Each structure stands twice: as structure tokens, then as C-alpha cells.
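The chain contents come next:
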Amino acid sequence: MSVLRRKHLYHFEDLESEAAKAMDPHPFSYVQSGAGHEETLQDNTRDFRKWKIRPKFLNDVSKRDLSISIFGETFDTPYFLAPIGNLGIVHPEAELAVARAAKRFNLPYIASTVTTFSLEEIAKELGTNPRWFQLYCSQDRNITQSFIQRAELAGYTAIVVTIDTPTAGWRTADLSNQYFPLKLGTASGNYFADPVFRSSLIQPPEKDFDTAIEKQMDVFFSPSFTWEDIQFIQNVTKLPVLLKGILHPIDAQKAMEYGVDGIVVSNHGGRQLDGCISTIAALPEIIEVIQGKIPVLFDSGIRKGADAFKALALGADAVLLGRPYVYGLAVNGEEGVSEVLGHFIQDLDVSLATAGVASVNSLNRSLLVKV
Ligand SMILES: Cc1cc2nc3c(=O)[nH]c(=O)nc-3n(C[C@H](O)[C@H](O)[C@H](O)COP(=O)(O)O)c2cc1C
């Protein structure tokens, strides 16, 4: 009897096509697609090809060190798991399966605001695994403050404020499909568990789901969000505050002036503004402004170890994995995520060795050339 085996998940293209088979078309499209004509989504990966690695050999690479330190905490590798909302549309175990996979490799998990499970449930699954909390600042400051306090209590050690979402991007695939999962309840774990949010409702979500979702949508997007709100967040937490979505060197400079503790160079995986700069193109100028004063994390377009190598060599301190692990989740739950994470770690390790570099901390611009 012939046994049909699925492909191993080495190539991003294979991962994506296996995920497409495993998921219903609309949720798959929600994860896969970008804003508008997907120019930025494509540039995010294509622009990595403009940088080539120039190996330097005859160094002892028998022992490789992937570890990095941020805010005094040492991490085994430079990989973080990016905040991804709505994972309940991908797999029933959603963030809990991802948390268990992260734990296998001790990789820090940045939990999104709009998760299917609550931040407390995710923290419980993570045990002592490192974790940060991604914050979408609510229109209602009391809810924002409550989320931050809950994250602190649940052992999250940094707050990552996403600044590139004053409103949802022009997501043509979702508009064509009329598919808006924020309204399904799979993004409500934190809201429905929140005492301040619940107290704003006449009936609890368990009794009147539609009104609760409507209320969540009302307070979710915050188009009037400014640098003053960042100060408010800094005032209500002792945790380090990072800004996710920095693309302009002037914003990077301003972040430092406002005493922000770190930034994430990100364009939300090309989901927000089509035609905006790819992150690998934005990174060098931002690194020049930051001058090593605060940590710079990077995401959008990391598809293999060599991409992480390039971002780190250009000056990023760590990189966030996004869609690759979501596809792993779709294909095979915790095991699928683990397979993907394992490959990324091994691929980076091999990339270091084959470039003649023993430690991620020795990566620098001289190892790259722009073509
Ligand atoms: C399905 C999906 C949901 C996302 N949800 C969030 C979120 O809740 N909060 C956030 O800050 N970023 C979110 N992002 C953006 C990711 O954190 C990250 O910036 C992006 O996935 C990086 O691009 P890449 O996956 O193409 O590498 C989401 C991305 C995807 C694909």
C-alpha cells in the first residue's frame, strides 16, 4: 500500500502550499495576503536578494553561538515569535499550540492583543518560557491600562506597542471574500476576559455576543493615537516599552527622544500600507540613527536562515518570525510549528558556519554586499 506523505516543511513555498491545503480558503487568504496589490508583501522578500553574503573563511566555526541579550535577558537564539492575532481561524489550539512549540526551543513569544485565548491562558501554557506582550492601544485608556496590568501580572517582561495600525489596511483579498475574522470572536480572548471591558457591557459576552463584539470593534482601532499615548503607556508600566512598526528614521529618532526602550522595524508583513518601503530596505538608515543605543528588532519577510543572517548583519539585534510558523500551525499544530522553528534555528546555525562566522554577535555589514 502506498502511503502519501506530506512534504517536509523546508521551503517557505512548500509550507505555504501545505497550509493552503490544510485551511479553508478564506482564513488562508486572510493570513497569506497583503494590502492592496501586494507590492510591499512581495518587496519584503524580494529586497533580501539585493543583499548578498560575502563569506570569510578559515575561522574556527566548530562551536557556534546563536545567543543574544536584550534588556539584560539572554535568549538562546535571535528568533522571536511575532505577535499574530486570530490564530483560532488557523487551528483550534491556536496560541496554546504555538506556546508549547516555543517552549520546546525556549524561544520568546510575543503574544498579540487580539488572541483567541487570553494572555493569562497563554502565559500558563508557556510556564517559565520568555514572553512579551504586544499592545494595540485601545480608544479607551482604562482598557489599555488593564491589559498592561494583566500582562505584568502574567509574567510578560516587555510591552510591544504596535503603531502601524490606526485602522486596518486596505486588504483587498478579505474585502473580496467579505471575510473579517475580528468579528468572529477568535480575536476576543483578551477583551472578553477583561474586567474593565466586561464592566462596559450591559450583558456579558456569553449572553450577548453580538453587542460585545460591536463594543470590541468600537474601542479596538485608535486613529487618534499619538506620541502622548506612548507617554501614557510608559507612565503606567515599569516594563520596557518597544514600538513595533517603525519605518522612518525620524520616527526612530523620536522614539529615542521619548525614552522608548526598543523598536521593531516592521511593515506588518505588508498588510497595512501597500507601496510602503520593505523592511530590509528601511533597516540600514534606522540602524544609523539608533547607533546601538536601544535594541532594534526586525520582521516582515524572514523566510530562511540567510534572511535572518542578513538582517542581523545589517544591525538588527533579533528577528521576528511570522507567517512561517502560522503555516506550520495550520499544517500540523504544535508539531508543525516545532518543525518550522527547528528548521529556522538549524538553517541559521549552518548559515553562520558556511559564512565562516562563529557567533551571531560577530555578524556585521562587512559580510554583506549590495548588488
Ligand atoms: C495573520 C496575521 C496576523 C497578524 N496579527 C498581528 C497582531 O495581532 N499584532 C501585530 O502587532 N502584528 C500582527 N501581525 C504582523 C506580524 O506581527 C509581523 O509583523 C508580520 O507577520 C511579519 O511579516 P511576515 O510574516 O511576512 O514575515 C500579523 C500578521 C499576520 C500574517
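Everything numeric here is computed off the predicted structure, so don't read it as measured data.

Colleague: For this particular structure, what's the right way to read the side chain of Glu334?
Modeller: With respect to the secondary-structure elements, Glu334 resides in helix 15 (residues 323–354). Within polar-contact distance, the side chain of Glu334 engages the side chain of Arg100 at 2.8 Å. For Glu334, the residues in contact, after removing those within four places along its chain, are Ala97, Arg100, Ala101 and Arg104.

Colleague: Please clarify how the side chain of Ser118 should be interpreted in this entry.
Modeller: Inspection of the secondary structure puts Ser118 in the loop between strand 5 (109–111) and helix 5 (119–126). For Ser118, a relative accessible area of 6% translates into the label buried. The residues touching Ser118, leaving out its near neighbours within four places in the chain, are Arg150, Gly189, Asn190 and Ala193.

Colleague: Honestly, the packing of aromatic side chains in this entry has me stumped. Any pointers?
Modeller: The way to describe two aromatic rings as a pair is by their centre distance and the angle between their planes. On inspection of all chains with the given rule, the structure shows 17 aromatic pairs. For the ring pair Phe80 and Trp132, a centre distance of 4.7 Å and an interplane angle of 55° mean the geometry is tilted. Of the two residues, Phe80 sits in strand 4 (residues 79–81) while Trp132 sits in strand 6 (residues 131–135), which places them 52 residues apart along the sequence. A single burial state applies to Phe80 and to Trp132, both of which are buried. Put simply, the rings of Phe147, Tyr191, Phe192, Phe197 and Phe209 pair up and form one aromatic cluster.

Colleague: Is there a simple way to explain the site of the ligand in this structure?
Modeller: Around the ligand there are 23 residues in total, and Pro83, Thr162, Asp299, Arg303 and Arg323 lie nearest to it. In this structure, Thr162 approaches the ligand through a side-chain N or O atom, which is 2.7 Å from an oxygen atom. Between Lys244 and the ligand, the recorded distance is 3.0 Å, taken from a side-chain N or O atom to an oxygen atom. Surface burial for the ligand is 98%, taken as the share of its 600 Å² of free accessible area covered by protein chains. When its residues are assigned to classes, the shell around the ligand shows eight nonpolar, 10 polar and five charged.

Colleague: Explain the pairing of strand 9 (residues 262–265) to me, please; I cannot follow it from the model alone.
Modeller: Every regular strand shows the same layout, with side chains that alternate between the two sheet faces. Side chains of strand 9 alternate between two faces, with Gly262 and Val264 and Ile263 and Val265 buried alike. As paired strands, strand 8 (residues 241–246) and strand 9 are joined by four bridges and run parallel to one another. Its bridge partner lying in strand 9, Lys244 is registered against Val264. Viewed along the sheet, the connection from strand 8 through helix 12 (residues 249–257) into strand 9 turns out right-handed. Bridge analysis of strand 9 against strand 10 (residues 296–298) gives three bridges, and the strand direction is parallel. Looking at strand 10, one finds that Val265 is bridged to Phe298. For the crossover that starts at strand 9, traverses helix 13 (residues 279–290) and ends in the parallel strand 10, the hand is right-handed.

Colleague: In this structure, what is going on with the confidence of the model for the chain? I would like to understand it.
Modeller: Where the model shows low pLDDT, its predicted coordinates should not be examined in detail. Mean pLDDT over the chain stands at 96; residues scoring 70 or higher make up 98%. Of all the helices and strands in the chain, helix 10 (residues 209–220) carries the lowest mean pLDDT, 95, while strand 10 carries the highest, 99.

Colleague: Any chance you could explain the packing of helix 6 (residues 141–153) against helix 11 (residues 227–236) here in plain terms?
Modeller: The relative placement of two packed helices is expressed as an angle between their axes plus a distance between the axes. At a minimum axis distance of 10 Å, the contact between helix 6 and helix 11 shows a crossing angle of 40°. Between helix 6 and helix 11, the angle is such that the two are oblique. In this structure, helix 6 meets helix 11 at a crossing whose hand is right-handed. The residues of helix 11 that touch helix 6, namely those facing Arg141, Thr144, Gln145, Ile148 and Glu152, are Glu228, Asp229, Phe232, Ile233 and Val236. Counted by class, the contact of helix 6 with helix 11 contains four nonpolar, two polar and four charged residues.

Colleague: Help me out: how do you make sense of unusual backbone geometry in this one?
Modeller: Peptide bonds are trans in most cases, and residues, glycine excluded, mostly fall at negative phi. The phi dihedral of Glu38 is positive, around 65°, even though this residue is not glycine. For Glu38, the location among the structural elements is in the loop between helix 2 (25–32) and helix 3 (39–46). Classification of Glu38 as buried rests on a relative accessible area of 19%. Phi angles above zero are rare outside glycine, and Phe71 is one such case at about 50°. Mapped onto the secondary structure, Phe71 falls in the loop between strand 2 (68–70) and strand 3 (73–75). Of the residues examined, Phe71 reaches a relative accessible area of 35% and is grouped as partly exposed.

Colleague: Where do I start with the environment of Pro223 in this structure?
Modeller: Residue position: Pro223 is located in the loop between helix 10 and helix 11. Sequence spacing of Pro223 and Gly342 is 119 residues, and the spatial spacing of their C-alpha atoms is 39 Å.

Colleague: I keep staring at the environment of Ser146 and nothing clicks. Help me out?
Modeller: Structurally, Ser146 can be placed in helix 6. The exposure class assigned to Ser146 is buried, which follows from its relative accessible area of 7%. A C-alpha to C-alpha distance of 46 Å links Ser146 and Ile53, two positions 93 residues apart in sequence. Dropping the residues within four chain positions of it, Ser146 is found in contact with Asp194, Pro195 and Val196.

Conventions and cut-offs
- Residues numbered from 1 in each chain as written.
- Predicted model: local features only at pLDDT ≥ 70, side-chain atom pairs only at ≥ 80, totals over all residues.
- Heavy atoms only, no water.
- Helix = DSSP H or I, 4+ residues; strand = E, 2+ residues; numbered from the N terminus.
- Polar contact = N/O pair within 3.5 Å; in protein donor to acceptor, adjacent residues only side chain to side chain.
- Contact = heavy atoms within 4.5 Å.
- Buried < 20%, exposed > 50% of the residue type's maximum accessible area, 1.4 Å probe, protein only.
- Phe/Tyr/Trp six-rings, centres within 6.5 Å; stacked < 30°, edge-to-face > 60°.
- Near = heavy atom within 4 Å.
- Areas by Shrake-Rupley, 256 points an atom, 1.4 Å probe, with all protein chains shown as cover.
- Nonpolar A, V, L, I, M, F, W, Y, C, P; charged D, E, K, R; others polar.
- Pairing = 2+ DSSP bridges.
- Right-handed = clockwise from strand over helix to strand, strands pointing away.
- pLDDT = per-residue confidence, 0-100.
- Axes fitted to C-alpha atoms, helices over the stretch in contact; angles between N-to-C directions.
- Parallel < 35°, antiparallel > 145°, perpendicular 65-115°, else oblique.
- Left-handed = near helix turned anticlockwise from the far one by under 90°.

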